[in-house]
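Okay, here's what each chain looks like letter by letter:
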Amino acid sequence: MPRSGHRDGRPVSRHIVVVGTGAAGLGVAQELRHLGYDEALTLVGAENHPPYDRPPLSKRFLTGAADAEQLWLAGPDTLDRLGATVHRGRRATGADLAARTVSLDDGRRLPYTDLVIATGVTPRTLPGIAEHAGAVTLKTLEDAHSLTGRLRPGRRLVVVGGGFLGTETAWTALSMGCEVTLVTPTPTVLPGLGEQVGSLTGERLAAAGATVLTGTAVEAVRQGDGPPGSGDLRVLLDNGTRLPADTVLTAIGSAPDVGWCGTTGLDLADGIRCDAVGRAAPGVHACGDVAAWYCPPHGRHLRLEHRMHAGDQARVVAADLLGGHRELDWVPFFWTDQGPHKIVVHGLITPEAEFETHEADTEHDRFTGVYRTNGRVCAVLGWNAPKQILRLRRELLTGPQTALGTPPPAGAPKPG
Ligand SMILES: Cc1cc2nc3c(=O)[nH]c(=O)nc-3n(C[C@H](O)[C@H](O)[C@H](O)COP(=O)(O)OP(=O)(O)OC[C@H]3O[C@@H](n4cnc5c(N)ncnc54)[C@H](O)[C@@H]3O)c2cc1C
């Protein structure tokens, strides 16, 4: 329910400012209106596009099967109906939490009663790589546009990094006729899913035509023999190998976009540290990829970079802003499209978790599996098994007997 605040003993009408207009920031704004908030709302987004969905950037959008408008989470009409002031193509450069103002890169200073930070993450890069014309990362529509133009049949793509983004893009580039080499220092691709699933994914990627080099790190990327700017590159590996490439995609993870919060006094140890409903400081919430929320079932802060988790957190933040209460579902789920294979995971795979196949249907290339920590189920995985994995989630993860299904004890403190 809308409410007014007080400052210096004076009532102030409410003005919620959301910085970042991805899935999380837009999600907060939409949920606020959905819950009846009818006071001032401002969105500040660095990108000059309507808010859009990122997962297709490494999949359908890259192949040309989807265009930019199909990725919009809210087109111009939907944004108009939101009744918000939208600063598009504008970056927040700082915030004064005591004065409750946010500074923008055009010199403007926006007063707020409540600030929501949803600025996501920025791809990490290799030192010195940015100077090469063919060296790219994949985060924005512009990145995907530029990469699509480079993925022509017969072109040589080297993917640095064997995580979700690197492997997904490798599959997509193969489907577009590219010669793909993927390099990762880890023993398998997708190390976060454990040895068994990672090895299988790497084998399938290799069988589809990619060269998968595991246990090998990239030392440097150099200009090849072609003229500078021609995109003729050499990728030097730590075992002495030199890989020729037209394009090098660096997909080695991301860092939370918090540079602009440096002087706020917020805890920025890993993104923005929040309590279990996204409160970072009085008058400040954070959500989405940038935010590390306290997770009661695990007793620690967790920062996840999953599309659905960003939307779930946004709804919790909006409820909290309006004085309501909503628990975050701490059985998050994410998916990754590995070419023809869809992997879906529910729950949280801890580093020490052990994987065991639960059901396998080799005829249909389908299986489910369970991750256990100290004998307790912490996550379930489906390989081409969307229906089966939902059943497994219900049976093993969200039942009252499971660690993650157990709500925090009543009255449990909410660490900040
Ligand atoms: C290529 C790709 C594929 C993906 N595929 C999957 C998938 O298959 N499954 C899955 O679960 N997840 C996937 N993800 C992750 C998912 O997209 C993210 O978890 C989700 O987008 C997070 O939303 P967010 O709003 O927190 O951050 P973002 O979407 O990053 O939005 C943050 C916004 O804030 C803006 N911003 C940053 N700093 C400032 C500032 N100072 N001022 C103003 N604005 C600022 C940024 O420009 C950006 O527009 C993928 C991500 C990428 C990049």
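For clarity, every value in this text was computed on a predicted model and none was experimentally measured. Position labels on residues start from 1 in each chain and follow its written sequence. Only residues with pLDDT of 70 or above have their local features reported here, since the model is predicted, and side-chain atom pairs are shown and tallied only from 80 upward, although totals for entire chains, interfaces and linings are computed over all residues. Each side-chain value is worked out from all heavy atoms of the structure, with water and hydrogens disregarded.

Looking at this structure, I do not really get the sheet that holds strand S7 (residues 101-104). What am I missing?
In a beta sheet, neighbouring strands pair by backbone hydrogen bonds and run either parallel or antiparallel. When DSSP finds two or more bridges between a pair of strands, those strands are recorded as paired. The way it works is that DSSP assigns letters per residue, a run of H or I at least four long becomes a helix, a run of E at least two long becomes a strand, and they are numbered from the N terminus. Ordered in space as S6-S7-S8, the three strands form an open sheet in which the pairing is antiparallel. For this open sheet the edge positions go to strand S6 (92-96) and strand S8 (109-111), each flanked by a neighbour on one side alone. Strand-to-strand twist across the sheet, computed as the mean angle between neighbouring axes with direction ignored, equals 25°. All axes here are fitted lines through C-alpha atoms, helices being fitted over the stretch that makes contact, and every angle between N-to-C directions spans 0 to 180 degrees.

Please clarify how the state of the cysteines should be interpreted in this entry.
Defined simply, a disulfide is a covalent bond joining two cysteines at their sulfur atoms. Disulfides are defined as cysteine sulfur pairs within 2.5 Å. As enumerated under the stated definition, the model contains zero disulfides in all. No disulfide involves Cys378; its sulfur sits 12 Å from the nearest other cysteine sulfur, which is in Cys295. A relative accessible area of 5% means that Cys378 is categorised as buried. Three labels apply to residues, based on accessible area from a 1.4 Å probe with only protein chains included: buried if under 20% of the type maximum, exposed if over 50%, partly exposed otherwise in between.

What's the story with the pattern of salt bridges in this structure? I'm lost.
Side-chain pairs of opposite charge can arise where the charged atoms are in close proximity. A pairing counts as a salt bridge when a side-chain nitrogen of Lys or Arg comes within 4 Å of a carboxyl oxygen of Asp or Glu. In total, this model carries 23 salt bridges according to the counting rule given. A salt bridge links Glu359 to Arg391; the nearest nitrogen and oxygen atoms lie 3.5 Å apart. Of the two residues, Glu359 is situated in strand S27 (residues 354-361) and Arg391 in helix H9 (residues 386-397); the sequence distance between them amounts to 32 residues. Glu359 gets classed as partly exposed once you look at its relative accessible area, which sits at 32%. For the salt bridge of Arg366 with Asp361, the shortest nitrogen-to-oxygen distance reads 3.6 Å. Connected through shared salt-bridge partners, Arg90, Asp105, Asp106 and Arg108 make up one network.

For this particular structure, what's the right way to read the site of the ligand?
Around the ligand there are 35 residues in total, and Glu47, Arg54, Lys59, Lys139 and Asp289 lie nearest to it. Contacts described as polar in this section are N or O atom pairs within 3.5 Å, which, within protein, must combine one atom able to donate a hydrogen with one able to accept it, while residues neighboring in sequence count only if both atoms come from side chains. At 2.6 Å, a side-chain N or O of Glu47 approaches an oxygen atom of the ligand. The contact in question runs from an oxygen atom of the ligand to an N or O atom on the side chain of Asp289, over 2.8 Å. If you list the elements that add at least two residues to the shell around the ligand, you get helix H1 (23-34), strand S4 (40-45), helix H6 (164-175), helix H8 (307-321) and strand S25 (333-338). Viewed by domain, the shell around the ligand spans two of them, domain 1 (5-122 + 255-321) and domain 2 (125-252), each represented by three or more residues. Throughout, near means a residue has at least one heavy atom within 4 Å of the molecule or strand. For the purposes of this description, domain bounds are those given by an automatic or database domain assignment.

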